[in-house]
Every structure is written in structure tokens, then in C-alpha cells.
Amino acid sequence: MNISIVGASGAVGQELLQVLQQRNFPVRQLRLFGSERSAGQTYTFRNNPVVVERLQHGDLFSNTHIVFTSAGAAVSREYADDITRHGAIMIDNSSAFRMCDDVPLVVPECNPSDALQHPRNIIANPNCTTIMMVTALMPIERLSHIQRIHVASYQSASGAGALAMKEVEQQYADIAQGKQPHIQRFPHQLAYNVIPQIDVFTDNDYTKEEMKMYHETRKILHSNVRCSATCVRVSTLRCHSEAIWVQTAEQLNIDNVRNAIVQAPGCTLVDDTQHAKYPMPLYTQGTDNIYVGRIRRDIAEDNAITLWITGDQIRKGAALNAVQIAELIIEKNK
């Protein structure tokens with residue numbers, strides 16, 4: 001297939017290149033697009049150099065089958081017609097189209113059939129924290145309907161981009177040298193700190209990130225579940241974690257939940273508290289699955305369990321999920 005990546009120089013764009021190569025995705029021609037600043041940069045794909053072209057309006061995508069877009073919501077909205085008008089399918093990693101009724105929002109482990117109906121030739125990739133959570137919760141939903149979710153996320157610096165990672169590293173270095181740390185990418189110093197704000201606050205005092213988890217979870221799971229989230233930025237560099245509490249319609253046996261996680265696609269169980277084994281960002285960077293542990297019955301509410309998950313939000317939370325969506329489309333067209 002002829003494939004294009006818009007936003008190729010960003011963290012997700014670079015991860016897309018790696019995932020396409022690692023999964024032996026059937027690429028006949030690859031084109032990379034970026035801003036005027038990124039144009040001219042060269043990246044290697046399957047031992048061949050590929051030069052980033054400047055994104056502009058016109059017929060750049062007339063001979064393209066699938067376009068991965070990861071350059072922000074404004075760019076996705078502006079170029080959606082250019083990308084799709086000749087039949088290319090746009091798999092969008094931004095928030096631009098996630099809640100549009102005529103755009104499917106897809107996590108292949110949860111709602112793969114939704115990807116096959118895309119009237120606007122656009123398929124949306126969910127928010128990274130939502131992808132991670134629903135991947136881990138889908139096997140529980142299959143055991144008993146999840147009615148309520150409370151979740152606290154612990155989101156790494158890389159969720160705010162490559163420059164944010166550099167900023168927190170520089171803050172640690174500045175503090176060690178007795179210098180005043182520079183603050184630009186976050187509302188406060190992140191080094192030696194946690195910040196209980198990701199994105200801007202809305203009228204109900206939840207942030208946009210937290211409201212994404214509410215709305216996107218319902219759309220992906222085709223569910224009336226209510227999700228209350230608190231999203232927190234922590235100073236790890238890569239991989240997000242989430243502490244999740246779920247209430248189900250029926251009381252679940254914990255061993256059955258563990259078995260369901262073991263058998264679920266996209267999940268890995270790490271749950272041996274007697275030997276201090278549980279998911280941690282330090283060990284999940286660069287991996288594909290969502291790691292699940294600390295599964296236990298909740299002692300404050302009937303029919304409730306709690307669990308802890310960790311995953312690489314740039315891979316499964318973004319690039320890998322997008323490529324898996326493309327693989328669904330290829331499988332349909334065989």
C-alpha cells in the first residue's frame with residue numbers, strides 16, 4: 001500500500017516509522033510530510049532514505065491508500081479534505097474528530113468492527129490514557145457490564161512531547177547545579193513534583209483530558225458507563241500509569257478477572273504482590289501491551305475491583321494503535 005505520515009518528525013511520527021517497520025506492514029511507497037521547519041529532514045525506512053516533504057494544500061495524497069496524521073487537531077481539520085478527497089483513509093491521532101458521530105473511534109482490542117464503517121474516510125485514534133484503560137477493561141466488561149469507573153492517571157512528561165521530556169531532564173540538571181529551573185511546557189516545575197492538571201480546565205472543573213476519558217470510553221465501549229478521572233503529570237519520561245476502580249453489575253471472582261486479563265489480546269498480567277511484581281513504567285517502555293496488576297476486590301464498595309496498569313503511551317497509546325487500525329482495513333480488503 002502507499003502510505004503517508006503527516007507529522008513525521010514528531011514523537012508519534014517517529015514511532016509510526018518504527019512500528020510499520022517492526023510489524024512488516026505492507027508498504028509499497030512511503031511519503032513523509034511536515035511543517036516548513038521539518039521539510040528536508042531525512043529519515044531511514046527499511047534501509048532507504050525518505051525526505052520529509054512540506055505539507056500543503058492540493059493533490060499530494062491522490063495516490064495514497066492510508067494517511068497517518070499526528071500533527072495536532074488544527075492541522076488535521078485543515079487538511080482532512082485534501083487527504084481524503086481521492087479515497088485515502090485518514091487515521092488521525094489528534095482530538096479533531098474523535099467525538100464526531102460519523103467518525104469511528106477505534107481500539108482494535110475493543111471495537112474492531114467500528115473501523116470498517118468510515119463514511120468520511122476518517123478513523124480517529126483515541127486519547128492515549130483512554131486507549132490504555134479500555135484495553136485493560138474490555139476483558140472485565142466481557143465478564144460483567146462496567147457501570148462506573150474512577151481513575152487516576154500518572155502521565156509521563158513525554159505525553160506533552162519531546163521538548164517536554166528535555167525540559168524535565170534540564171530541570172533536574174539545573175536544580176542539581178543550584179540554578180533556577182526553566183518552566184515552559186508545564187504550568188509548574190515538574191522535576192521533584194507532580195502536577196494535577198493535564199490540559200485546560202472546563203466549566204465543571206474537570207480538565208479536557210479528564211473529560212476525554214469520560215466521553216471516549218462510552219463511545220468505544222458502546223456503553224453508558226460513567227468515568228470520573230483525575231489526570232496527573234509525573235516526572236517519569238515515558239509510559240503512563242493508571243490506578244483504576246471499577247464497579248460492575250455483578251460481583252466478580254478475582255481469579256476469573258486475572259484469567260480474563262491473561263487471555264485478552266493486548267494485555268499482560270504482572271500481579272505477584274508477594275514478590276513485589278507489578279507493572280512499572282521503568283520496565284514497559286518500548287513494549288506493545290498494557291501491563292495489568294494489583295487486581296483486588298475493593299473494600300469500600302460492593303461489586304467493585306481495583307487494578308493498576310502501565311503502558312507505553314507513544315506505542316499502544318498512539319502509533320501502534322493507529323497501525324493496528326490500518327491492519328484491520330487491510331484484512332477487510334483481502
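Residues numbered from 1 in each chain as written. Predicted model: local features only at pLDDT ≥ 70, side-chain atom pairs only at ≥ 80, totals over all residues. Heavy atoms only, no water.

Regarding the overall build of the chain
So, step 1. Within the chain one finds eight helices and 13 strands.
So, step 2. Here the C-alpha radius of gyration of the chain, 20 Å, is about what a compact globule of 334 residues would show, namely 20 Å.
So, step 3. Considering only C-alpha atoms, the chain reaches an extent of 60 × 60 × 40 Å along its principal axes.
So, step 4. Looking at the 334 residues of the chain, the share that counts as buried comes to 53%.
So, step 5. Restricting the contact set of the chain to residue pairs at least 6 apart, pairs at least 24 apart contribute 66%.
So, step 6. Within the structure as shown, the chain displays about 15,300 Å² of accessible surface, and the carbon and sulfur contribution to it stands at 47%.
So, step 7. Charge centroids of the chain, computed over 31 positive and 34 negative side chains, lie 4 Å from each other. (Helix = DSSP H or I, 4+ residues; strand = E, 2+ residues; numbered from the N terminus. Rg over C-alpha atoms; globule rule 2.2 N^0.38 Å. Buried < 20%, exposed > 50% of the residue type's maximum accessible area, 1.4 Å probe, protein only. Contact = heavy atoms within 4.5 Å. Areas by Shrake-Rupley, 256 points an atom, 1.4 Å probe, with all protein chains shown as cover. Lys, Arg positive; Asp, Glu negative; His and termini not counted. Charge placed at Lys NZ, Arg CZ, Asp CG, Glu CD.)

Quick word on the environment of glycine 10
So, step 1. Inspection of the secondary structure assignment puts glycine 10 in the loop between strand 1 (2–6) and helix 1 (11–22).
So, step 2. Once the C-alpha coordinates of glycine 10 and valine 27 are considered, the two residues, 17 residues apart in sequence, prove to be 20 Å apart.

Here we look at the sheet that holds strand 11 (residues 267–269)
So, step 1. In space, the six strands of this open sheet follow the order 9-8-10-13-12-11, with mixed pairing throughout. The open sheet is flanked by strand 9 (226–233) and strand 11, the only strands paired with a single partner. For this sheet the average axis-to-axis angle between neighbouring strands, irrespective of direction, equals 25°.
So, step 2. Where strand 12 (residues 290–297) and strand 13 (residues 304–311) come together, five bridges link them in antiparallel fashion. Of the residues in strand 13, the one forming a bridge with arginine 296 is threonine 306. (Pairing = 2+ DSSP bridges. Axes fitted to C-alpha atoms, helices over the stretch in contact; angles between N-to-C directions.)

Some points on the sheet that holds strand 1
So, step 1. If you walk across this open sheet you meet the seven strands as 3-4-2-1-5-6-7, and the pairing is mixed. Of all the strands in the sheet, the pair left with one neighbour each is strand 3 (42–45) and strand 7 (122–124). Each neighbouring strand pair of the sheet contributes to a mean axis angle of 25°, computed without reference to strand direction.
So, step 2. Bridge count between strand 2 (residues 29–34) and strand 4 (residues 48–54): three bridges; the pairing is parallel. Within the sheet, the bridge partner assigned to phenylalanine 33 lies in strand 4 and is glutamate 53.
So, step 3. Strands strand 1, strand 5 (66–69), strand 6 (89–92) and strand 7 of the sheet are contacted by helix 2 (residues 73–84), whose axis makes an angle of about 160° with strand 6.
So, step 4. Along the sheet face, helix 8 (residues 315–332) touches strand 5, strand 6 and strand 7 and points at about 155° away from the line of strand 6.

Describing the packing of helix 3 (residues 128–143) against helix 5 (residues 208–221)
So, step 1. Their axes nearest at 9 Å, the elements helix 3 and helix 5 cross at an angle of 45°. By the criterion of interaxial angle, the relationship of helix 3 to helix 5 is oblique. For helix 3 against helix 5, the interelement crossing comes out right-handed. Here helix 3 contributes Thr129, Thr130, Met133, Val134 and Met138 to the contact with helix 5, which in turn contributes Glu209, Lys212, Met213, Glu216, Thr217, Ile220 and Leu221. (Parallel < 35°, antiparallel > 145°, perpendicular 65-115°, else oblique. Left-handed = near helix turned anticlockwise from the far one by under 90°.)

Re the nonpolar core
So, step 1. Core analysis: the biggest nonpolar cluster contains 32 residues, and Ile5, Phe25, Leu30, Leu32, Phe68 and Ile91 have the highest contact counts within it.
So, step 2. For this core, the secondary structure elements donating two or more residues are strand 1, helix 1, strand 2, strand 3, strand 4, strand 5, strand 6 and helix 8.
So, step 3. Excluding anything up to four places from it in sequence, phenylalanine 68 contacts Ile3, Ser4, Ile5, Val6, Leu16, Leu20, Ile91, Ala322, Val323 and Ala326.
So, step 4. In this structure, Ala136, Ile146, Val225 and Ile254 belong to the second largest nonpolar core, which totals 28 residues. (Core = buried A, V, L, I, M, F, W, Y, C linked by side-chain atoms within 4.5 Å.)

Some points on the side chain of threonine 248
So, step 1. Relative to the elements of secondary structure, threonine 248 occurs in strand 10 (residues 240–248).
So, step 2. Take threonine 248: its relative accessible area is 3%, and that puts it in the buried class.
So, step 3. Polar side-chain contacts of threonine 248 include one of 2.6 Å to the backbone oxygen of glutamate 250. (Polar contact = N/O pair within 3.5 Å; in protein donor to acceptor, adjacent residues only side chain to side chain.)

As for the pattern of salt bridges
So, step 1. All told, the structure shown has 15 salt bridges when counted by the stated rule.
So, step 2. A salt bridge links aspartate 59 to arginine 85, with the shortest nitrogen-to-oxygen separation between them at 3.5 Å. One end of the pair, aspartate 59, is in the loop between strand 4 and strand 5; the other, arginine 85, is in the loop between helix 2 and strand 6, with 26 residues separating them in the sequence.
So, step 3. Residue aspartate 59 is classed as partly exposed on the basis of its relative accessible area, which comes to 48%.
So, step 4. Look at arginine 85 and you get partly exposed, because its relative accessible area is 47%.
So, step 5. Of the charged contacts in the structure, one is a salt bridge between aspartate 288 and arginine 315, with a shortest N-O distance of 2.8 Å. One end of the pair, aspartate 288, is in the loop between helix 7 (281–284) and strand 12; the other, arginine 315, is in helix 8, and 27 residues separate them in sequence. (Salt bridge = Lys/Arg side-chain N within 4 Å of Asp/Glu carboxyl O.)

Some thoughts on the pairing of strand 4
Side chains on a regular strand alternate between the two faces of the sheet.
So, step 1. The pairing of strand 3 with strand 4 spans four bridges and is antiparallel. Residue pairing across strands places threonine 42 opposite valine 51, the latter belonging to strand 4.
So, step 2. The hairpin formed by strand 3 and strand 4 contains two residues between the paired strands, and arginine 46 there has a positive phi angle of roughly 50°.

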